[in-house]
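Observations on the model geometry
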Amino acid sequence: MDVLVLCIDRDNDLGRKAGIESPVVGRGANIDAAIKLAMADPEDSDVNTIFGGIKVLDELTASGKVAEIASLAGDLKVGLISDSKLATQLEELVGRIKPSGVIVVSDGAEDEAILPIIQSRIKVNGVKRVLVKQSPNLESTYYLLKQVFTDPKISHTVFIPPALALLMFSFFG
């Protein structure tokens, strides 16, 4: 096989919301999984990821390549637990399907954080980020704000000086 199109769901929305076990392998199975997830949560961006992966698969097969699609899902606890589950599923898939490379399809920076794990197991031919056309700036801003709030070093630098200024203003006002 030439290429495996790999859709990443790091926080396991497929399992939690749609009750689907991963990995999901094959075009038909991925269409069914995307529809079930869309019915469970129409606003979930992983629906777009799977349909984006199907589009990439169709383009590859139309150009004469032998390709397959698979969706992997991690765990609600994004991090070591999730990445370990994704790595195990990937190793099993690579052993069974034996692709010469993968094209990773994701819905943003959070899912792409697993790229080093994928690259350590198989050659990555490309990365396709699928974003809803109305919100790429909004999604990038969301991840930036999420990092600001969760990183103590950044949050202390950003929030403490304005908070102290407001306190001083209220005392003298």
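Provided above is the structure to which this section pertains.
Residues numbered from 1 in each chain as written. Predicted model: local features only at pLDDT ≥ 70, side-chain atom pairs only at ≥ 80, totals over all residues. Heavy atoms only, no water.

1. Brief notes about the overall build of the protein chain
Scanning the protein chain from terminus to terminus reveals eight helices and five strands. Computed over the C-alpha atoms, the radius of gyration of the protein chain is 20 Å, more than 25% above the 16 Å expected from 2.2 N^0.38 for a compact globule of 173 residues. By its C-alpha atoms, the protein chain is 75 × 35 × 30 Å across when sized along the principal axes. The proportion of buried residues among the 173 residues of the protein chain is 41%. Across the protein chain, every contact between residues at least 6 apart in sequence was considered, and the portion connecting residues at least 24 apart equals 67%. Carbon and sulfur atoms make up 61% of the accessible area of the protein chain, which totals about 9,800 Å². Once the 18 positive and 23 negative side-chain charges of the protein chain are each reduced to a mean point, those two points are 3 Å apart. (Helix = DSSP H or I, 4+ residues; strand = E, 2+ residues; numbered from the N terminus. Rg over C-alpha atoms; globule rule 2.2 N^0.38 Å. Buried < 20%, exposed > 50% of the residue type's maximum accessible area, 1.4 Å probe, protein only. Contact = heavy atoms within 4.5 Å. Areas by Shrake-Rupley, 256 points an atom, 1.4 Å probe, with all protein chains shown as cover. Lys, Arg positive; Asp, Glu negative; His and termini not counted. Charge placed at Lys NZ, Arg CZ, Asp CG, Glu CD.)

2. Some words on helix H2 (residues 27–40)
Between the first and last C-alpha of H2 there are 20 Å, a value that for 14 residues agrees with the 20 Å anticipated at 1.5 Å per step. Of the surrounding elements, those touching the buried residues of H2 are helix H1 (13–18), strand S2 (24–25), helix H3 (45–62) and strand S3 (67–73). (Expected span 1.5 Å × (residues − 1).)

3. Digging into the pattern of salt bridges
If you walk through the whole model with that rule in mind, you get 10 salt bridges. In this structure, Asp 44 engages Lys 17 in a salt bridge whose closest nitrogen and oxygen atoms are separated by 2.9 Å. With Asp 44 in the loop between H2 and H3 and Lys 17 in helix H1, the pair connects residues that are 27 residues apart, well separated along the chain. Take Asp 44: its relative accessible area is 6%, and that puts it in the buried class. For Lys 17, a relative accessible area of 33% puts it in the partly exposed group. A salt bridge links Lys 55 to Glu 59, with the shortest nitrogen-to-oxygen separation between them at 3.9 Å. Of this pair, Lys 55 and Glu 59 both sit in helix H3, separated by four residues, roughly a single helical turn. A residue is classified by how much of its surface remains accessible, and Lys 55, at 53% relative accessible area, is exposed. (Salt bridge = Lys/Arg side-chain N within 4 Å of Asp/Glu carboxyl O.)

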